[in-house]
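Here is what each chain is made of, one letter per residue.
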Amino acid sequence: GQNIDQPTEMTATEGAIVQINCTYQTSGFNGLFWYQQHAGEAPTFLSYNVLDGLEEKGRFSSFLSRSKGYSYLLLKELQMKDSASYLCAVRDPTGGSYIPTFGRGTSLIVHP
Amino acid sequence: DAEITQSPRHKITETGRQVTLACHQTWNHNNMFWYRQDLGHGLRLIHYSYGVQDTNKGEVSDGYSVSRSNTEDLPLTLESAASSQTSVYFCASSEGVLSTDTQYFGPGTRLTVL
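Each chain carries its own residue numbering, running from 1 in the written order of its sequence. The lettering of chains begins at A and the numbering of ligands begins at 1, in the order of writing. For this predicted model, a pLDDT threshold of at least 70 governs which residues receive local features, and a threshold of 80 or more governs which side-chain atom pairs are given and counted, while totals over whole chains, interfaces and linings are taken from all residues. Computation of side-chain values: all heavy atoms of the structure, hydrogens and water removed.

J.: Could you clarify how one ought to interpret the overall build of chain B in this entry?
T.: Helix numbers and strand numbers start at the N terminus; a helix is a DSSP run of H or I with at least 4 residues, a strand a run of E with at least 2. When its secondary structure is counted, chain B shows zero helices and 11 strands. In sequence order, chain B lays out its α and β elements as β-β-β-β-β-β-β-β-β-β-β. For 114 residues, the compact-globule estimate of 2.2 N^0.38 gives 13 Å, and the C-alpha radius of gyration of chain B, at 13 Å, lies within 12% of that figure. The C-alpha extent of chain B, read off along each of the three principal axes, is 40 × 30 × 25 Å. We call a residue buried when its accessible area falls under 20% of the maximum for its residue type, exposed when it is over 50%, and partly exposed in between, using a 1.4 Å probe and counting protein chains only. Scored against the burial criterion, the 114 residues of chain B give a buried share of 48%. When contacts within chain B are restricted to residue pairs at least 6 apart in sequence, those whose partners lie at least 24 apart make up 54%. Summing over all exposed atoms, chain B offers an accessible surface of approximately 5500 Å²; the carbon and sulfur share of this is 47%. The positive count covers Lys and Arg only, the negative count covers Asp and Glu only, and His and the chain ends enter neither. Charged groups are reduced to one reference atom each: NZ for lysine, CZ for arginine, CG for aspartic acid, CD for glutamic acid. Where the 8 positive side-chain charges of chain B centre and where its 12 negative ones centre are 10 Å apart. Based on C-alpha atoms, the radius of gyration is set beside the globule rule, defined as 2.2 Å times the residue count to the power 0.38. For this analysis, residues touch if any pair of their heavy atoms sits within 4.5 Å. In this description, accessible areas are obtained by the Shrake-Rupley approach with a 1.4 Å probe, and a residue is regarded as covered only by the protein chains that are shown.

J.: Can you walk me through the pairing of strand E5 (residues 44–49) of chain A in this structure?
T.: Both faces of the sheet carry side chains from a regular strand, because those side chains alternate between them. Residues and elements named next belong to chain A. Pairing geometry for strand E4 (residues 32–37) and E5, over five bridges, is antiparallel. Paired with Phe33 across the two strands is Tyr48, which belongs to E5. Here the rule is simple: two strands pair whenever DSSP picks up at least two bridges between them. Linking E4 to E5, which pair antiparallel, is a turn of six residues; within it Gly40 sits at a positive phi near 75 degrees.

J.: I would appreciate a short explanation of the interface of chain A and chain B in the present structure.
T.: Interface size is commonly expressed as the accessible area that is lost once the parts come together. Taken residue by residue, the interface counts 17 residues in chain A and 21 residues in chain B. Throughout, the accessible surface (probe 1.4 Å) given up by two parts as they are put together, summed over both, is called the buried area. Summed over both partners, the interface of chain A with chain B comes to about 1600 Å²; 59% of that surface belongs to carbon and sulfur atoms. Considering only the surface of chain A that becomes buried against chain B, Ile99, Phe102 and Arg104 of chain A emerge as the three largest contributors, covering 33% of it. Here a polar contact is taken to be a pair of N or O atoms separated by no more than 3.5 Å, where protein atoms must pair a possible hydrogen donor with a possible acceptor and residues adjacent in sequence count only if both atoms sit in side chains. At the surface where chain A touches chain B, the tally comes to three residue pairs in polar contact (both at pLDDT 80 or more).

J.: Before we go on, may I ask you to explain the state of the cysteines in this structure?
T.: One covalent bond between the sulfur atoms of two cysteine residues makes up a disulfide. When the sulfur atoms of two cysteines come within 2.5 Å, that pair is taken as a disulfide. By the definition in use, this model includes two disulfides over all chains. The disulfide bridge from Cys22 of chain A ends at Cys88 of chain A, spanning 2.0 Å between sulfur atoms. A torsion of -65 degrees about the S-S bond marks the disulfide between Cys22 of chain A and Cys88 of chain A as left-handed. With Cys22 of chain A in strand E3 (residues 18–25) and Cys88 of chain A in strand E9 (residues 84–90), this residue pair connects regions lying 66 residues apart in the sequence. Each member of the pair, Cys22 of chain A together with Cys88 of chain A, is buried. Covalent S-S linkage joins Cys23 of chain B and Cys91 of chain B, the inter-sulfur distance amounting to 1.8 Å. Here the disulfide of Cys23 of chain B and Cys91 of chain B is left-handed, its torsion about the S-S bond being about -70 degrees. Taken together, the positions of Cys23 of chain B in strand E3 (residues 19–25) and Cys91 of chain B in strand E9 (residues 87–94) put the pair 68 residues apart, joining distant regions of the chain. Across the pair, Cys91 of chain B and Cys23 of chain B agree in class, each one buried.

J.: Please explain the packing of aromatic side chains as it appears in this structure.
T.: A ring pair, where both rings are aromatic, is described by two values, the distance of the centres and the angle of the planes. Each Phe, Tyr or Trp ring (for Trp, its six-membered ring) is paired with any other whose centre lies within 6.5 Å, and the angle between the two planes then decides the class: stacked below 30 degrees, edge-to-face above 60, tilted in between. Tallied over the full model, the rule gives 17 aromatic pairs over all chains. Three or more aromatic residues joined by ring pairs form one cluster here, namely Phe33, Tyr35, Phe45, Tyr48 and Phe102 of chain A together with Phe33, Tyr35 and Phe105 of chain B.

J.: Help me understand unusual backbone geometry in this model?
T.: Glycine aside, a negative phi is what most residues show, and trans is what most peptide bonds show. That bond from Ser7 of chain B to Pro8 of chain B is cis: its omega, -5 degrees, falls within 30 degrees of zero. Relative to the helices and strands, Pro8 of chain B is located in the loop between strand E1 (4–7) and strand E2 (10–13). If you check the backbone angles, Glu77 of chain A has positive phi at about 45 degrees while not being a glycine. If you trace the backbone, Glu77 of chain A turns up in the loop between strand E8 (70–75) and E9. In the Ramachandran plot, Gln53 of chain B falls in the positive-phi region, its phi being about 75 degrees despite a non-glycine side chain. Turning to its location among the elements, Gln53 of chain B is positioned in the loop between strand E5 (42–51) and strand E6 (54–57).

J.: Where do I start with the pattern of salt bridges in this structure?
T.: Two side chains bearing opposite charge may form a pair once their charged atoms approach each other closely. Between Lys or Arg on one side and Asp or Glu on the other, a salt bridge is scored when a side-chain nitrogen of the former is within 4 Å of a carboxyl oxygen of the latter. Evaluation of the coordinates by the stated rule reveals six salt bridges over all chains. Between Asp52 of chain A and Arg66 of chain A there is a salt bridge whose closest N-O contact spans 2.9 Å. Here Asp52 of chain A is found in the loop between E5 and strand E6 (53–57), whereas its partner Arg66 of chain A is found in the loop between strand E7 (60–65) and E8, with 14 residues between them in sequence. Its relative accessible area of 44% is what places Asp52 of chain A among the partly exposed residues. Across the salt bridge formed by Arg44 of chain B and Asp38 of chain B, the nearest N and O atoms sit 3.0 Å from each other. Three or more residues are tied together by salt bridges with common partners; here these are Arg36, Asp38 and Arg44 of chain B.

Below, the structure written as structure tokens:
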């Protein structure tokens with residue numbers, strides 16, 4: 001089976017840094033995705049990690065530790081437009097499916 | 001520009017009626033997916049297809065069906081709508097299922113079953 005955990009909600013201040021954690025327990029592992037979803041809109045791709053370490057893309061970075069079943073998304077220099085849900089999704093090839101399973105998402109509220 | 005569209009964007013129907021939600025992509029992607037999103041549950045996979053004439057059940061497929069007659073379209077049918085199927089439905093597509101292949105999501109359909 002698969003278990004993916006994220007905090008339900010987080011708040012942060014404009015200009016600050018926030019770290020959104022994702023832990024997973026899966027039979028196998030073939031990559032972890034982060035998506036951003038603004039209210040009433042479609043999820044959009046942010047990052048992909050398959051090897052341990054940090055991937056940086058502008059203000060957003062994503063980290064993976066496969067041995068710990070742990071990832072985080074780091075958002076720097078927060079802006080009001082970063083208020084959104086952030087979805088962690090894990091790909092587990094056990095059973096032959098390569099379709100990612102999504103966590104419940106973390107709602108981030110950025111206030112002035 | 002390539003895109004993925006869904007129609008209708010909003011739908012209200014009655015219990016017991018058959019409903020079909022459309023999904024159309026111009027990415028020429030082989031893979032297409034249907035998800036539902038509910039508070040407290042995140043995105044859950046309903047059905048998916050790896051190509052024309054291929055369909056597979058996902059985690060929450062009961063009460064839903066799909067068909068894939070061409071590359072561009074994967075319509076989702078609720079055979080007899082139930083109030084428990086009130087949800088937001090997202091269609092997605094991807095080029096492949098390996099490595100960094102990401103999913104591109106449509107804008108969603110909000111379905112209310114009364």
